[in-house]
Amino acid sequence: MNRNTRRIFVAGHRGMVGSAIVRALRAAGETDIVTRSHAELDLTDQQQVREFFATEGIGRVYLGAARVGGIHANNTYPAEFIQQNLMIAANVIHEAWRSHVERLLFLGSSCIYPRLATQPIRETELMTGALEPTNAPYAIAKIAGIAMCDSYNRQYGTDYRCVMPTNLYGPGDNYHAENSHVIPGLIRRFHEARIAGAATVAVWGSGTPMREFLHADDLAEGCRHVMAMSRDAYQACAAPTGILNIGSGDELTIRELAMEVARATGYRGEIRFDATKPDGTPRKRLDWNALAQTGWNPRVDLATGLRLAYEDALASGLLGAAQTEAVPIT
């Protein structure tokens, strides 16, 4: 199979991250973008993945496909989280190598770092302490993907890169009532409370943990920026393990975040925090200075991003039938 170095496979194109990467690539003028739905290609099936790479002539891969979710989902489905994410990483990375893919970008997560990592978290903190128990299976699968990329680079001379984004949100997010991440979960909860005229909204945890958030479109531009670097330039700024953080600097407590989401959705009632529910990691702010020094910086501030995310969720019908226009942040 002849290989076209401009032929790009975006794995997970229907998810928030994958769809953002497709938008960024098209905006940059890329036209030969290959996508497959789960029904068309099950990335946990090695034979299907092998046949796909053997016939498609892929030159570059953005590996954004993953089983993802918030604390509730990670606690409820730990077996699925570790098994499916391990299989996706193993199959795509190995078959990309077998078919001589020129360059691959593996997307990890800030949860790979120790629960009590030094803040802000530098790439060198990887494997220096215990993981947060509520998402350890997912984190271990992502760490395995990082180790695979590093191992194939060392043994076979491949050019596989790994970026570790901070907490993400944006268009196409998952608004499931129980299995979503914190921002889409809060957007759904406040939206429904406003429609129902509820006097109070309960939020999991104490509200004290701190989180940093990055808009999916900023991540996509960061990924495209990283993939455009020469091999030498990437190796010069990445950690010895081959990873590079992507952050935003938009850090706030969950309590402050809840207030921002309430404003974005127009909810004016009382917010109560249920401290009997798990908080997760106390703080997760990434040090992304290495990437910033290469010329990339995020553009979407949190207030604007929340408003855009809510408008997208309404327009896409992701919040159910009971919808009204988004209320702008004032």
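Everything that follows concerns the structure shown earlier in this document.
Residues numbered from 1 in each chain as written. Predicted model: local features only at pLDDT ≥ 70, side-chain atom pairs only at ≥ 80, totals over all residues. Heavy atoms only, no water.

Draft legend 1. Expanded view of the overall build of the chain. Counting secondary structure elements, the chain contains 11 helices and 12 strands. Computed over its C-alpha atoms, the radius of gyration of the chain comes to 20 Å, within 12% of the 20 Å expected for a compact globule of 330 residues. Taken along the three principal axes of its C-alpha coordinates, the chain extends 60 × 40 × 40 Å. Residues counted as buried form 50% of the 330 residues belonging to the chain. Counting only carbon and sulfur atoms, one obtains 50% of the accessible surface of the chain, whose full area is about 14,300 Å². (Helix = DSSP H or I, 4+ residues; strand = E, 2+ residues; numbered from the N terminus. Rg over C-alpha atoms; globule rule 2.2 N^0.38 Å. Buried < 20%, exposed > 50% of the residue type's maximum accessible area, 1.4 Å probe, protein only. Areas by Shrake-Rupley, 256 points an atom, 1.4 Å probe, with all protein chains shown as cover.)

Draft legend 2. Quick look at the nonpolar core. Formed by 36 residues in total, the largest nonpolar core has its most connected members in Phe-9 and Phe-53. Those elements that place two or more of their residues in this core are β1 (8-11), α2 (46-56), β3 (60-63), α4 (78-98), β4 (103-107), α5 (136-156) and β5 (160-165). In this structure, Val-22, Val-163, Leu-214 and Ala-220 belong to the second largest nonpolar core, which totals 31 residues. (Core = buried A, V, L, I, M, F, W, Y, C linked by side-chain atoms within 4.5 Å.)

Draft legend 3. Quick look at the pairing of β5. Burial runs high along β5: six of the six residues are buried. Residues of β5 alternate between two faces, with Tyr-160, Cys-162 and Met-164 on one and Arg-161, Val-163 and Pro-165 on the opposite face, all of them buried. Sheet topology places β4 next to β5; four bridges connect them, and they run parallel. Looking at β5, one finds that Leu-107 is bridged to Val-163. A crossover links β4 with its parallel partner β5, the connecting element being α5, and its sense is right-handed. As judged from the four bridges shared by β5 and strand β9 (residues 243-246), these two strands associate in the parallel manner. Within the sheet, the bridge partner assigned to Cys-162 lies in β9 and is Ile-243. (Pairing = 2+ DSSP bridges. Right-handed = clockwise from strand over helix to strand, strands pointing away.)

Draft legend 4. Quick look at helix α7 (residues 216-228). The terminal C-alpha atoms of α7, which comprises 13 residues, lie 18 Å apart, in line with the 18 Å expected from a rise of 1.5 Å per residue. Turning to α7, its buried residues are Ala-216, Asp-218, Leu-219, Ala-220, Gly-222, Cys-223, Val-226 and Met-227. (Expected span 1.5 Å × (residues − 1).)

Draft legend 5. Looking closely at the sheet that holds β4. Ordered in space as β2-β1-β3-β4-β5-β9, the six strands form an open sheet in which the pairing is parallel. The outermost strands of the open sheet, each flanked by one partner alone, are β2 (33-34) and β9. The sheet strands contacting helix α1 (residues 16-27) are β1, β2, β3 and β4, and the helix crosses β1 at an angle near 155°. The sheet contacts of α7 involve β3, β4, β5 and β9, and relative to β4 the element is tilted by about 145°. (Contact = heavy atoms within 4.5 Å. Axes fitted to C-alpha atoms, helices over the stretch in contact; angles between N-to-C directions.)

Draft legend 6. Region of interest: the packing of helix α9 (residues 254-265) against helix α11 (residues 302-315). One way to put it is that α9 packs onto α11 with a least axis distance of 9 Å and a crossing angle of 50°. When the interaxial angle is binned, α9 and α11 end up oblique. At the point where α9 passes α11, the crossing takes the right-handed sense. Contact residues: α9 offers Leu-257, Glu-260, Val-261, Ala-264 and Thr-265, while α11 offers Leu-302, Ala-303, Leu-306, Arg-307 and Tyr-310. When grouped by side-chain class, the residues that make up the contact of α9 with α11 number seven nonpolar, one polar and two charged. (Parallel < 35°, antiparallel > 145°, perpendicular 65-115°, else oblique. Left-handed = near helix turned anticlockwise from the far one by under 90°. Nonpolar A, V, L, I, M, F, W, Y, C, P; charged D, E, K, R; others polar.)

Draft legend 7. Structural view of the layout of surface pockets. Considered as a void within the structure, the second largest pocket measures approximately 210 Å³ in volume. Asp-150, Asn-153, Tyr-160, Gln-235 and Gly-242 are, among the 16 residues lining the second largest pocket, the residues nearest its centre. Its residues assigned to classes, the lining of the second largest pocket shows five nonpolar, six polar and five charged. (1 Å grid on protein atoms, 1.4 Å probe; cavity = no way out; pocket = protein on both sides within 12 Å on 5 of 7 lines; lining within 4 Å. Points joined across faces, edges and corners; volume = space filled by probe spheres on them.)

Draft legend 8. Quick peek at the packing of helix α6 (residues 182-196) against α11. Where α6 contacts α11, the two axes come as close as 11 Å, and the packing angle between them is 65°. For the pair α6 and α11, the sense of crossing is right-handed. Packed against α6, whose contacting residues are Ile-183, Ile-187, His-191 and Arg-194, the element α11 presents Leu-302, Leu-306, Ala-309, Tyr-310 and Leu-314 at the interface. A class-by-class count of the residues in the contact of α6 with α11 yields seven nonpolar, one polar and one charged.

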